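Descriptive structure summary
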Amino acid sequence: MSAKYPIISVTGSSGAGTSTVKHTFEQIFRRENIKAAFIEGDAFHLHDRASMKKAVAEEEARGNFHLSHFGPDANLLKELENTFSSYGKTGTGKTRHYVHDEAEAQKYGAPAGTFTDWKDLPEGADILFYEGLHGAVILKDRGIDIASHADLKIGVVPVINLEWIQKMHRDAKVRGYSPEDVTKTILRRMPDYVHYITPQFSETDINFQRVPTVDTSNPFVARWIPTPDESLVVIRFKDPRGIDFAYLKTMIQDSFMSRANSIVIPGGKLDLAMQLILTPMIHRLVDLKRRSS
């Protein structure tokens, strides 16, 4: 953690909705005139699309049917930690971009399914913002502790059936995968999800968990993603000291406390809640940075 070069980390699995949370942070940064440098977790995958397919096939031939991007063996986690550490100490570091589709291929000048070249983070950033799978991971057996470098850690954790519905629809619509392909990926990733993704949500400072109020019993045949108005969001604070819950309840209609460290809000009020909760936290980080400079 660094007062001079603060880091915000947003962590969630594929289909969790971290991109939506990133958009809210971008709005706050723009409105508050805060310059942020951005890192995407995909940039620190070990394999591009073609070599990942090859690696999965090779592992399956050996009897391992669970190699996935959720686990450490398919990622450059030490390099990610080194980037966090470098930024926290000097405000510098390197990242790249994973090109997901043809639209991004046009933008970045690299084929879909490949990486751009490594490049330096922009100079003079007020804050480093990470969004991806491993922003709060701790692997003691591998000497990796990414969580310790982030000053504010956010978990995005919809209930599992909703997460799968969102992934099924996104991968079919945006990436052209069949439901069978997505289901196979979910099954392959499950051990890594249990061992490497979910433990991070005990390390995060705030978790946002969307809970649908409609039937999602069979996520693999769901025709629609539950809308925000068909959901509640549970917001859990690891340390609730200093959180003005009375103010939040006043500002967010129909919200209520479910535990001493948790507030429940209507799903359609998530952006408002994030603005109210996160803006002062971001200001505190930036103020500390400016006082330490």
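Read on for a plain summary of the structure. Throughout, a residue's number is its position along its own chain's written sequence, starting from 1. Totals for whole chains, interfaces and linings use every residue, but because this is a predicted model, local features are given only for residues with pLDDT of at least 70 and side-chain atom pairs only at 80 or more, for both listing and counting. Based on all heavy atoms of the structure, the side-chain values leave hydrogens and waters out of the count.

Moving on, we get to the nonpolar core. The nonpolar core is taken to be a set of buried Ala, Val, Leu, Ile, Met, Phe, Trp, Tyr and Cys residues, with the residues joined through side-chain atoms within 4.5 Å. Burial classification: accessible surface area is computed with a 1.4 Å probe over protein chains only, and a residue below 20% of its type maximum counts as buried, one above 50% as exposed, and the rest as partly exposed. In this structure, F25, I235, L278 and I282 are the most contacted members of the largest nonpolar core, which totals 34 residues. Secondary structure elements follow DSSP: runs of H or I no shorter than four residues count as helices, runs of E no shorter than two count as strands, and numbering proceeds from the N terminus. Broken down by element, this core gets its largest block of residues, 9 residues, from helix α8 (residues 270–292). Two residues qualify as a contact provided that any one of their heavy atoms is within 4.5 Å of a heavy atom in the partner residue. Among all residues touching I282, those that are not within four sequence positions of it are I8, F25, I28, F29, I34 and I127. Counting 20 residues, the second largest nonpolar core, distinct from the first, contains I7, I39, L76 and A125.

Attention now moves to helix α6 (residues 179–197). Here α6 contains 19 residues, and its C-alpha end-to-end distance of 23 Å is more than 12% below the 27 Å for a straight helix at 1.5 Å per residue. At R189, α6 shows its strongest bend, of approximately 45 degrees, with the proline P191 following within four residues. Of the surrounding elements, those touching the buried residues of α6 are α2 (49–61) and α5 (160–173). A helix is expected to span 1.5 Å for every residue after the first. The reported bend at a residue is simply the angle between two axes, fitted to the 7 residues ending at it and to the 7 residues beginning with it.

Two side chains that carry opposite charge are able to pair once their charged atoms sit near each other. Whenever Lys or Arg places a side-chain nitrogen within 4 Å of a carboxyl oxygen from Asp or Glu, that contact is recorded as a salt bridge. Summed over all chains, the structure comprises 10 salt bridges. The salt bridge involving R62 is made with E59; its shortest N-O contact spans 2.7 Å. Overall, the relative accessible area of 60% leaves R62 in the exposed class. E59 gets classed as partly exposed once you look at its relative accessible area, which sits at 23%. With a closest N to O distance of 3.0 Å, R142 and D73 form a salt bridge.

In short, shape yes, function no, at least from these values alone.
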